[in-house]
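An overview of the molecular structure
If you want the building blocks of each chain, they are given just below.
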Amino acid sequence: LVSVLRSSDEYKENSRAYRRTVFRHDDWIKFRSSGRLYNNLGTMFTSGVIRGLWLEVGTVTVVSTVVFLVNNAVMGSDT
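Residues numbered from 1 in each chain as written. Predicted model: local features only at pLDDT ≥ 70, side-chain atom pairs only at ≥ 80, totals over all residues. Heavy atoms only, no water.

Within the chain one finds five helices and zero strands. From first element to last, N terminus to C terminus, the chain shows the α and β order α-α-α-α-α. Every one of the 79 residues in the chain was classed for burial, and the buried ones make up 3%. With the model as given, the accessible surface of the chain reaches about 7300 Å², and the carbon-plus-sulfur share is 62%. (Helix = DSSP H or I, 4+ residues; strand = E, 2+ residues; numbered from the N terminus. Buried < 20%, exposed > 50% of the residue type's maximum accessible area, 1.4 Å probe, protein only. Areas by Shrake-Rupley, 256 points an atom, 1.4 Å probe, with all protein chains shown as cover.)

Side chains of Leu37, Tyr38, Leu41, Met44 and Phe45 sit close together on the surface and give an oily, nonpolar patch of about 610 Å² of accessible area. A relative accessible area of 67% places phenylalanine 45 in the exposed class. (Patch = residues over 30% accessible without salt bridge, like charges linked within 9 Å, V, L, I, M, F, W, Y side chains within 5 Å. Salt bridge = Lys/Arg side-chain N within 4 Å of Asp/Glu carboxyl O.)

Another point: the confidence of the model for the chain. Taken residue by residue, the chain gives an average pLDDT of 80. The fraction at 70 or more is 90%. Highest mean pLDDT in the chain belongs to helix H5 (residues 54-75) (92); lowest belongs to helix H1 (residues 2-15) (71). (pLDDT = per-residue confidence, 0-100.)

If you want it as structure tokens, here you go:
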């Protein structure tokens, strides 16, 4: 687990060199594109944000799933 966390930190630090410092007009047009949703969904699992925060995202996902399942078991399902 420690080596996985360390590699996540290395990824974040190494990717800093590729960050842009200026948001240009072409970037704005791409950002405002109506097809950006499909592009973002397609690249979600290769995203630097997800790669950098996978432990936090995974923890929230597991905890919320457990809460949902316990709630359904205790309260019952309406469906």
